[in-house]
Amino acid sequence: MTKVIVRSVFDAFEYVMDRYVPFGLEEFAPEGTYAVISIQDTHTEGFGFRFCESYACKAVLTLYFDDIIREVDGCVLFQKEQAEEIIRFTEKIKDIDTLLIHCYAGMSRSQAVGKFISELPGFESEEESIGYNEYVYDLLKKTYEKAA
């Protein structure tokens, strides 16, 4: 069972850095593997860094969309193609221990994605999803149901 955790960008960075293993020191690595879904803002062209695969991080999906529920000039609305990317990503990471999902605050977008994924077979969350972006969650559910 893969544990789903949702964090802010700052807490996600800390999570990843706590598991960083310099080359040649793998014997000192903490146990467990993880994957990351990184949801970044478009108006700032991201957060200035991107996560990448490493000794413990087995997969990364980076998406760019904003925390909105309808079209807004200058912003990017979550799209069906991005929902499909998330669904495909979850299918290839079922053998990891933890799925880390983040957006800027760890609240709206990432909570929606975390809630959706926690409802899939093979995933679980100990966290309650509160204040999630219902548009993102609903589009993920509809996309998943159509693919099934």
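Bear in mind the structure is a predicted one, so any value in this text is a computation, not a measurement. (Residues numbered from 1 in each chain as written. Predicted model: local features only at pLDDT ≥ 70, side-chain atom pairs only at ≥ 80, totals over all residues. Heavy atoms only, no water.)

J.: Even after reading the chapter, I still don't get a nonpolar patch on the surface, so can you show me in this structure?
T.: A cluster of nonpolar side chains, Phe13, Met17 and Tyr20, forms an exposed patch at the surface whose accessible area comes to about 330 Å². Tracing the chain through its elements places Phe13 in helix H1 (residues 9–18). (Patch = residues over 30% accessible without salt bridge, like charges linked within 9 Å, V, L, I, M, F, W, Y side chains within 5 Å. Areas by Shrake-Rupley, 256 points an atom, 1.4 Å probe, with all protein chains shown as cover. Salt bridge = Lys/Arg side-chain N within 4 Å of Asp/Glu carboxyl O. Helix = DSSP H or I, 4+ residues; strand = E, 2+ residues; numbered from the N terminus.)

J.: How should the pairing of strand S4 (residues 98–103) be read in this particular structure?
T.: For a regular strand, the rule is simple: side chains alternate between the two faces of the sheet. The buried fraction of S4 is high, at 6 of 6 residues. Of the pairings in the sheet, the one linking strand S1 (residues 2–8) to S4 comprises 6 bridges and is parallel in character. When the sheet's bridge partners are listed, Ser8 is paired in S4 with Cys103. (Buried < 20%, exposed > 50% of the residue type's maximum accessible area, 1.4 Å probe, protein only. Pairing = 2+ DSSP bridges.)

J.: It is not clear to me how the nonpolar core should be interpreted in this structure. Could you clarify?
T.: Nonpolar side chains tend toward joint burial in soluble globular proteins. Membership of the largest hydrophobic core comes to 29 residues, with the highest contact counts inside it found for Ile37, Ile86, Leu99, Ile101, Val113 and Ile117. Elements represented by at least two residues in this core include exactly S1, strand S2 (34–40), strand S3 (57–64), helix H2 (80–92), S4, helix H3 (108–118) and helix H4 (134–147). Apart from the residues lying within four places of it in its own chain, the contact partners of Val113 are Ile37, Ile39, Ile86, Ile101, Val136 and Leu140. (Core = buried A, V, L, I, M, F, W, Y, C linked by side-chain atoms within 4.5 Å. Contact = heavy atoms within 4.5 Å.)

J.: For this particular structure, what's the right way to read the packing of H2 against H4?
T.: Helix packing geometry: the angle between the two helix axes and the distance between the axes. The contact between H2 and H4 brings their axes to 9 Å, and the two run at 70°. Our classification of the angle between H2 and H4 gives roughly perpendicular. For the pair H2 and H4, the crossing hand works out as right-handed. The segment H2 lies against H4, with Lys80, Ala83, Glu84, Ile86 and Ile87 engaging Leu139, Leu140, Thr143 and Tyr144. Partitioned by chemical class, the residues of the contact of H2 with H4 number 6 nonpolar, 1 polar and 2 charged. (Axes fitted to C-alpha atoms, helices over the stretch in contact; angles between N-to-C directions. Parallel < 35°, antiparallel > 145°, perpendicular 65-115°, else oblique. Left-handed = near helix turned anticlockwise from the far one by under 90°. Nonpolar A, V, L, I, M, F, W, Y, C, P; charged D, E, K, R; others polar.)

J.: So what exactly am I meant to see when it comes to the environment of Ile37 here?
T.: Secondary-structure assignment places Ile37 in strand S2. Note on Ile37: relative accessible area 0%, which makes it buried. Once the C-alpha coordinates of Ile37 and Val6 are considered, the two residues, 31 residues apart in sequence, prove to be 9.5 Å apart. Excluding anything up to four places from it in sequence, Ile37 contacts Leu61, Ile86, Phe89, Leu99, Leu100, Ile101, His102, Val113 and Ile117.

J.: Would you explain the pattern of salt bridges in this entry?
T.: It is possible for side chains of opposite charge to pair when their charged atoms get near one another. Evaluation of the coordinates by the stated rule reveals 5 salt bridges. Notably, a salt bridge pairs Glu84 with Lys80, separated by 3.1 Å at the nearest N-O pair. Of this pair, Glu84 and Lys80 both sit in helix H2, separated by 4 residues, roughly a single helical turn. Overall, the relative accessible area of 27% leaves Glu84 in the partly exposed class. Of the residues examined, Lys80 reaches a relative accessible area of 40% and is grouped as partly exposed. The partner of Glu119 in a salt bridge is Lys141, and the shortest N-O contact between them spans 3.6 Å. You can see Glu119 sitting in the loop between H3 and strand S5 (123–124) and its partner Lys141 sitting in helix H4, a full 22 residues away along the chain. Judged by relative accessible area, Lys141 falls into the partly exposed class, the value being 28%.

J.: I would appreciate a short explanation of H1 in the present structure.
T.: Turn by turn, an α-helix covers 3.6 residues, leaving residues three or four places apart pointing in a common direction. Listed in full, the buried residues belonging to H1 are Val9, Ala12, Tyr15 and Val16. Taken down its axis, H1 places every buried residue within 120° of arc, on the same side. In H1, the exposed positions that point more than 90 degrees away from the buried face belong to Phe10 and Asp18. Where the residues of H1 are buried, they touch S1, S2 and S4. (Arc of directions from axis to C-beta.)

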